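Reading the structure
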2 protein chains.
Amino acid sequence: MTRQELIAEIHRKQSFLCIGLDPELDKIPSHLKTFDDPIFEFNKRIIDATAECAVAFKPNTAFYEAQGVRGWETLEKTLNYIPKNCFVIADAKRGDIGNTAFNYAKTFFEALTCDAVTVAPYMGKDSVEPFLQFKDKWAIVLGLTSNEGAQDFQYRTDVHNQPLFSQIIEKVAQWGTKDNLMFVVGATRSEELRQIRFLVPHHFLLIPGVGVQGGSLRQVVEAGMNEDVGLLINASRSIIYASSGEDFDKIAKKEALKLQAEMGLYLQRLKR
Amino acid sequence: MTRQELIAEIHRKQSFLCIGLDPELDKIPSHLKTFDDPIFEFNKRIIDATAECAVAFKPNTAFYEAQGVRGWETLEKTLNYIPKNCFVIADAKRGDIGNTAFNYAKTFFEALTCDAVTVAPYMGKDSVEPFLQFKDKWAIVLGLTSNEGAQDFQYRTDVHNQPLFSQIIEKVAQWGTKDNLMFVVGATRSEELRQIRFLVPHHFLLIPGVGVQGGSLRQVVEAGMNEDVGLLINASRSIIYASSGEDFDKIAKKEALKLQAEMGLYLQRLKR
């Protein structure tokens, strides 16, 4: 999916919500467990219920790999089931030397037809570039993450007092364009989000951490929205596990609708 | 596998060689392509030919994921085929928030029964710790990598002139012990290897980059060996693709034997 198509979908749906499909067998509603592939059934119902409130879906590969060969089948089925007008992100956080990174890129972009893959920056340029060679596909590079461990290395400053996350974003931005590169920026860090928006005024940012992890949507929008929206806000557990009853998909939709309604207000302001 | 068992195997086999099982369909000998699972057939023959010269095998997950569900099956079959006295490393370079990292750890340690997983450090403590909770299992954290992109961020110095890779190794070493934690250090960097050995005198280091990537075994041993050997030297392409003929496994063995012979000399010196 191109940048223009993504922006058009955001305006059509009045939403820049991304839903994280991170299902765990022991957390999905028990009535699904009699199905042959309970996780796929769970995903299918979540997708059906929310595809008109969300512009993107983001399965995290860890939750599928944990089920072995069957999990990989579930991932493939899930990816095929997501409507074509949704932006699909494989949250895989891959990062390896060029030859290996190219294999990951082929896997996620060609075999699994995802639009984007999350990529870890530690190994540098030749580990990121293979993801930038595919037409209309995206690398979403970790900038500043929302977890506690972000404190360990990402804030480490150099002699010019510039933190590592900021140097990474500045440098990686030179390797791609706003049409094939996004950054992950945790929603729990809205001060830093403002600094990052200054560094990369035109790029899309994928923002996890709204919801269970405690980030506020309003603060993220105030700090990070640009003229093309420029934000994909991810929520996973706060939507997919909003209820563990048989009506979990309806409750998930209700939660997604709430976020969509708030996003709609911000999008209208953007037009004025 | 415990540290003591690994050290015992190194002395028994007179080898600290790790063989990277990174097969690509278009690089394996053509006579294997008629088999139902050519990549497994390739791996099987490599393992049969080299298991007495190598103490460890390291499949890189990218090459299996690139084949989709079938590739994941091939990976499982390969892991099951490796003899129990070999140390098995899933080269997956995973790194994600705690909950997700735990799923990756379960996958590789429990479902796939690997001894170790390579882990990316960028997301900090809660992304590494889940891999340190499993009895007799190992996290092998990226320290300094052998690729060109290592220059981009890993050498970045702070106000005390300490490079990032060195700070990461120093800090991560506090999260685990020499019994559940190793570091990846590229063989192309023997000066830095000496510095790293000073920081973590007792940990095992996994050293890729000997062979095709140009690192010298002697230099690595001089800079990095400790009283317990403390090194696993990985070679992938220089062994598995040494020949593309029908006798590829014999030629692979010959290459592995050469390295084993050189390693044997260094191990004998260690005893004196």
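Read on for an overview of the structure. Treat the numbers as computed from the prediction; the structure is a model and nothing was measured. (Residues numbered from 1 in each chain as written. Chains lettered and ligands numbered in written order. Predicted model: local features only at pLDDT ≥ 70, side-chain atom pairs only at ≥ 80, totals over all residues.)

1. Considering the nonpolar core
Formally: One nonpolar core equals one set of buried Ala, Val, Leu, Ile, Met, Phe, Trp, Tyr and Cys residues connected by C-beta atoms within 7 Å. Here a residue counts as buried when 20 or more other C-beta atoms fall within 10 Å of its C-beta, as exposed when 12 or fewer do, and as partly exposed in between; the C-beta atoms come from the backbone. Remark: residues whose backbone-derived C-beta atoms lie within 7 Å of one another are considered to be in contact.
Counting residues in each nonpolar core, the largest one holds 183 residues, and the members touching the most others are A:Leu17, A:Ile140, A:Ile233, B:Leu17, B:Ile140 and B:Ile233. Among residues more than four places away in sequence, those in contact with B:Ile233 are B:Phe16, B:Leu17, B:Cys18, B:Ile207, B:Val210, B:Leu217 and B:Val220.

2. Comments concerning the sheet that holds strand β6 (residues 181-185) of chain B
Sheet strands pair via backbone hydrogen bonds, and the direction of the pair is either parallel or antiparallel. Residue and element names in this part refer to chain B. As a reminder of what qualifies: By this definition, two strands are paired if DSSP reports at least two bridges between them. Comment: elements are numbered from the N terminus, with helices defined as DSSP H or I runs of at least four residues and strands as E runs of at least two. To get an axis, fit a line to the C-alpha atoms, keeping to the stretch in contact for a helix; angles then go from 0 to 180 degrees between the N-to-C directions.
One closed barrel holds the eight strands; their spatial order is β1-β2-β3-β4-β5-β6-β7-β8, and the pairing between them is parallel. For this sheet, the mean angle separating the axes of adjacent strands, direction not counted, is 30°. Contacting β5 (138-144) and β6, helix α8 (residues 164-172) runs over the sheet at an angle of about 155° to β5.

3. Some details on the pairing of strand β7 (residues 204-207) of chain A
Residues and elements named next belong to chain A. Here is the rule we go by: Note on handedness: a crossover is taken as right-handed if, strands pointing away from the viewer, the path from the first strand over the helix to the second is clockwise.
Because side chains alternate across β7, one face comprises the buried residues Phe 204 and Leu 206, and the other comprises Leu 205 and Ile 207, equally buried. Both strand β6 (residues 181-185) and β7 contribute to a ladder of three bridges, which runs parallel. Across the sheet, the residue bridging to Phe 183 is Leu 205, located in β7. Handedness of the β-α-β unit built from β6, helix α9 (residues 190-199) and β7 comes out right-handed. One ladder, built from three bridges, connects β7 with strand β8 (residues 231-235); its direction is parallel. Counted as the bridge partner of Leu 206 is Leu 232 from β8.

4. Details of the interface of chain B and chain A
Which entries qualify depends on this criterion: The classification used treats Ala, Val, Leu, Ile, Met, Phe, Trp, Tyr, Cys and Pro as nonpolar, Asp, Glu, Lys and Arg as charged, and all other residues, Gly among them, as polar.
Facing the 46 residues of chain B at the interface are 46 residues of chain A. Where the side of chain B that touches chain A is concerned, the elements lending two or more residues are α3 (61-65), α4 (68-81), α5 (98-111), α6 (125-128), α7 (150-153) and α8 of chain B. When residues of the side of chain B that touches chain A are assigned to their parent elements, the largest contribution, seven residues, is made by α5(B). When grouped by side-chain class, the residues that make up the side of chain B that touches chain A number 18 nonpolar, 15 polar and 13 charged.

5. Regarding the pairing of β5(B)
All names here are of chain B. Buried residues dominate β5, accounting for seven of its seven residues. As judged from the four bridges shared by strand β4 (residues 116-119) and β5, these two strands associate in the parallel manner. Across the sheet, residue Ala 116 finds its bridge partner in β5, namely Trp 138.

6. Examining unusual backbone geometry
Unusually for a residue other than glycine, A:Thr113 sits at a positive phi of about 50°. You can see A:Thr113 is positioned in the loop between α5 (98-111) and β4 (116-119). A:Thr113 gets classed as partly exposed once you count the C-beta atoms within 10 Å, which come to 14. Of note, the phi angle at B:Gln14 is positive, near 55°, even though the residue is not glycine. Following the sequence through the fold, B:Gln14 ends up in the loop between α1 (3-13) and β1 (17-21).

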